[in-house]
Amino acid sequence: MTRILLVEDDNALATGLKYLLGNEGYEVDISATVAESARLIGQREYDLYILDIGLPDGNGYELCQQIRVEHQTPIIFLTARDQEQDVVKGLELGGDDYISKPFRTKELVSRVKSVLRRFSTRITSNVLISGDIKIDQLQARAYLRGKEIGLTPSEYKLLLLYMNNSKKVITRIAALENLWDVEGDFINDSSISVYIRRLREKIEDDPSEPQYLKTARGIGYIWDQEVRRG
Ligand code: CA
């Protein structure tokens, strides 16, 4: 069973979210303080952390740093306002996504699913199809109108990341993290732009007017087409 630690000091919100996520089949532990969370993190294995930033005895950033010392477990921040500096700080410290309060509970559930899917190493379907593009995950090959696209391992991994998360913005930082283990060497923010440009040249009819891999200005990129699983 997928186990989530929800760190939130608003008791009503925490209880509501636990109920909602429980209905989706997740097992949820609630904690309202940094101290209690630190204790739970040391004791139990979690598949996902949802961290409020403002807590009575500290903040969610500290917990994120503590988790990242030992775990690559995905982290979603709950931010009080959609403040760019909060978001950037959270992502820099190793957060994987954030959601701004107030949010619709349905949106949080869909983020949770999306983050867990992104980090799942299990391949649930071998073939992804979107428009004229097809990925065969068993062969690790991609095709455009039936013709194999010559992709480097990084380009393949990026394509897979974006197609697996279609219609959702993937931040540049999340994309960078995803590439890290492929390349092994240093990848910076501008190299992501280079990878995306090369990928577009291979998959888009007009790379300057992309139909699949679009830019979410200032944040990242989005696969803006439906994806079917075969
Ligand atoms: Ca709070």
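This text follows the structure it describes.
The structure presented is a predicted model; accordingly, all values stated were derived computationally and were not measured. (Residues numbered from 1 in each chain as written. Predicted model: local features only at pLDDT ≥ 70, side-chain atom pairs only at ≥ 80, totals over all residues. Heavy atoms only, no water.)

Some remarks on the overall build of the protein chain
Helix and strand counts for the protein chain stand at 8 helices and 15 strands. Computed over C-alpha atoms, the radius of gyration of the protein chain comes to 19 Å, within 12% of the 17 Å expected from 2.2 N^0.38 for 230 residues, which places it in the range of a compact globule. The principal-axis extents of the C-alpha atoms in the protein chain amount to approximately 55 × 35 × 30 Å. Considering the protein chain as a whole, with its 230 residues, one finds that 46% of them fall into the buried category. For the protein chain, restricting intrachain contacts to residue pairs at least 6 apart in sequence, the fraction spanning at least 24 positions comes to 58%. If you sum the accessible surface of the protein chain, you get close to 12,000 Å²; carbon and sulfur atoms cover 48% of it. Of the side-chain charges in the protein chain, 31 are positive and 36 negative, and the distance between the mean point of each set is 6 Å. (Helix = DSSP H or I, 4+ residues; strand = E, 2+ residues; numbered from the N terminus. Rg over C-alpha atoms; globule rule 2.2 N^0.38 Å. Buried < 20%, exposed > 50% of the residue type's maximum accessible area, 1.4 Å probe, protein only. Contact = heavy atoms within 4.5 Å. Areas by Shrake-Rupley, 256 points an atom, 1.4 Å probe, with all protein chains shown as cover. Lys, Arg positive; Asp, Glu negative; His and termini not counted. Charge placed at Lys NZ, Arg CZ, Asp CG, Glu CD.)

Some thoughts on the sheet that holds strand E7 (residues 97–100)
The strand order across the open sheet built from 5 strands is E2-E1-E3-E6-E7, with neighbouring strands paired in parallel fashion. If you trace the sheet from one side to the other, it starts and ends with strand E2 (27–31) and E7, each paired once. Strand-to-strand, the axes of this sheet are offset by a mean angle of 20 degrees, without reference to chain direction. Relative to strand E6 (residues 75–79), strand E3 (residues 48–52) is paired through 4 bridges, and the arrangement is parallel. Following the sheet pairing, Ile50 is matched in E6 by Ile76. Lying over the sheet, helix H5 (residues 105–119) contacts strand E1 (3–7), E3, E6 and E7, oriented at roughly 175 degrees with respect to E7. (Pairing = 2+ DSSP bridges. Axes fitted to C-alpha atoms, helices over the stretch in contact; angles between N-to-C directions.)

Details of the coordination of the calcium ion
Distances from the calcium ion to its protein donors, Asp9 (OD), Asp52 (OD) and Gly54 (O), fall at 2.2 to 2.4 Å. Owing to a relative accessible area of 35%, Asp9 belongs among the partly exposed residues under this scheme. (Donors = N, O, S within 2.8 Å, 3.2 Å for Na, K, Ca; no water.)

With respect to the sheet that holds strand E13 (residues 213–216)
What the 3 strands build is an open sheet, ordered E12-E14-E13; its pairing is antiparallel. Single-partner strands in this sheet number two, and they are strand E12 (169–171) and E13. If you compare each strand with its neighbour and ignore which way they point, the axes differ by 35 degrees on average. Alignment of E12 against strand E14 (residues 220–223), held across 3 bridges, turns out to be antiparallel. Paired with Val169 across the bridge in E14 is Ile222.

Re helix H3 (residues 60–70)
Among the residues making up H3, those that are buried are Gly60, Tyr61, Leu63, Cys64, Ile67 and Arg68. Down the axis of H3, the buried set is contained in an arc of 155 degrees. They therefore lie on one face. Residues of H3 that are exposed and angled more than 90 degrees away from the buried face: Val69 and Glu70. Near the N-terminus of H3, the side chain that reaches the backbone nitrogen of Tyr61, with its oxygen 3.0 Å away, is that of Asn59. (Arc of directions from axis to C-beta. Polar contact = N/O pair within 3.5 Å; in protein donor to acceptor, adjacent residues only side chain to side chain.)

A short note on the nonpolar core
By size, the foremost hydrophobic cluster in this structure holds 28 residues, and its most contacted members are Ile135, Leu158, Leu159, Tyr162, Met163, Ile192 and Trp223. Mapped by element, the contributors of at least two residues to this core are strand E9 (133–136), strand E10 (141–144), helix H6 (153–164), helix H7 (172–183), helix H8 (189–203) and E14. Looking at this core, the element that brings in the most residues is H6, giving 7 residues. Membership of the second largest hydrophobic core comes to 18 residues, among which are Ile4, Ala14, Leu21 and Leu108. (Core = buried A, V, L, I, M, F, W, Y, C linked by side-chain atoms within 4.5 Å.)

Let's talk about the packing of helix H2 (residues 34–43) against H3
Two quantities define a packed helix pair, namely the angle between the axes and the distance from one axis to the other. Here H2 crosses H3 at 15 degrees, and the two axes come no closer than 10 Å. With respect to H3, the axis of H2 lies roughly parallel. By crossing handedness, the relation of H2 to H3 is classed as right-handed. For the pair H2 and H3, contact is made by Val34, Ser37, Ala38 and Ile41 and by Glu62, Leu63, Gln66 and Ile67, respectively. Taken together, the residues of the contact of H2 with H3 break down into 5 nonpolar, 2 polar and 1 charged. (Parallel < 35°, antiparallel > 145°, perpendicular 65-115°, else oblique. Left-handed = near helix turned anticlockwise from the far one by under 90°. Nonpolar A, V, L, I, M, F, W, Y, C, P; charged D, E, K, R; others polar.)

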